Amino acid sequence: MELHDLSAGGGVLDQVGDAARAALARYAVSQAATVTLINVSENATFLVDDSGTGERSILRVHRLGYHAAEAIHSELAWLTALRAQAGVRTPEVIPARDGAGVVHVAGRHAVMFEFLPGVEPPEERLVDGFKQLGAVTARMHRHARRWRRPPGFTRFAWDWDAAFGREARWGRWQDGVGVDAEARAVLDRLEGRLRERIGRYGEGPERFGLIHADMRLANLLDDGGPEPSVIDFDDCGFGWHVYDLAAALSFIEHEPVVPELIDSWLDGYRGEEPFGREDEREIWTFILFRRLLLTAWIGSHQGVEIARELGAGYTLGTCDLAERYLTS
């Protein structure tokens, strides 16, 4: 696994800020434009305020070693096609002065997007919001099945090896925060059960394809309209369709409302596309798959605020969910 350089400390975020400011010179913004760091996760995301024009935009500066330029171009191709062909609200890519969708500055890739209105879906609308989310996810899956991908399209996979193999993308869950001998024993059993069930479930084209892979609440923008906007396709790749539901429940898998959210999501999804009973039986398999993956992510991303906040408590919660799953 490539070390997550944005978690490295040592002034790296200052360097990324310098890269963001250097990237502005490549775009049609005024000299009054400023950048403000608003989020660090896999990448660093900046708000661009251009007081000279009154315009706002979003600038994403990539971490090192995660995506090659070809993969980023592929991501942008899909989110653009979704907006144009499937009616999914995604941010428009703002090209550089020379027309490039991806620029390279200070050793890093950067992409600029339009600023979309809205906020993370509020808790009081969460159940209804999951029905909307299920519907938009179904349309994305349908589009991906039918879409003729452009030449050179390349994205990684969220398969078993990527999650738990020798080159696990987010590191080993065994190195997660608070994984002591007792936790490891429980999570070893969980991994074995997941391997068995997912191996039996398989990767047929009806259940495995191009997905967003990070459809959690933080990547949805609710502006009061009929459906949320979908942002941050940086993790999109090839995986199980039901994984998009599991990702939507990231960090809240233990909440009592989750069964109601699942039912609402399924209602929305089935209004657009079939979702079979065998797929439904494996929903909790993929919720635990994602939860174990996030346990590894927290351990390898301690420079990210949410990872530091969750820490060992998240691992303990993963063990509790694992015990319930293993005995159900």
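Criteria and cut-off values
- Residues numbered from 1 in each chain as written.
- Predicted model: local features only at pLDDT ≥ 70, side-chain atom pairs only at ≥ 80, totals over all residues.
- Heavy atoms only, no water.
- Helix = DSSP H or I, 4+ residues; strand = E, 2+ residues; numbered from the N terminus.
- Rg over C-alpha atoms; globule rule 2.2 N^0.38 Å.
- Buried < 20%, exposed > 50% of the residue type's maximum accessible area, 1.4 Å probe, protein only.
- Pairing = 2+ DSSP bridges.
- Phe/Tyr/Trp six-rings, centres within 6.5 Å; stacked < 30°, edge-to-face > 60°.

Caption draft 1: Fine view of the overall build of the protein. On a plain count of helices and strands, the protein comes out with 10 helices and 10 strands. A globule of 328 residues ought to have a C-alpha radius of gyration of about 20 Å, and the protein, at 20 Å, matches this closely. Dimensions of the protein, computed from the C-alpha atoms along their principal axes, are close to 60 × 45 × 40 Å. When burial is assessed residue by residue, the protein has 56% of its 328 residues classed as buried.

Caption draft 2: A look at the pairing of strand β6 (residues 108-114). Across the 7 residues that make up β6, a large majority, 6, are buried. Bridge analysis of strand β3 (residues 55-61) against β6 gives 5 bridges, and the strand direction is antiparallel. Note that in β6 the partner of Arg60 across the bridge is Val111. Relative to β6, strand β4 (residues 93-94) is paired through 2 bridges, and the arrangement is antiparallel. Within β6, the residue paired with Val93 across the bridge is Phe113. Bridging between strand β5 (residues 103-105) and β6 involves 3 bridges; their strand directions are antiparallel. Among the inter-strand pairings, His104 is bridged to a residue of β6, identified as His109.

Caption draft 3: Summary view of the packing of aromatic side chains. All told, the structure shown has 22 aromatic pairs when counted by the stated rule. The interplanar angle of 75 degrees and the centroid separation of 5.3 Å between the aromatic rings of Phe164 and Phe289 together place this pair among those described as edge-to-face. Here the residue Phe164 occupies a position in helix α4 (residues 160-164), and Phe289 occupies one in helix α9 (residues 283-300), the gap between them amounting to 125 residues. Phe289 sits in the buried class, given a relative accessible area of 0%. Ring geometry for Trp170 and Trp297: centres 6.3 Å apart, planes at 65 degrees, overall edge-to-face.

Caption draft 4: Layout of the pairing of strand β1 (residues 33-40). Summarising the sheet, β1 and strand β2 (residues 44-50) pair through 7 bridges and their orientation is antiparallel. Bridge pairing links Val40 to Ala44 in β2. The hairpin formed by β1 and β2 contains 3 residues between the paired strands.

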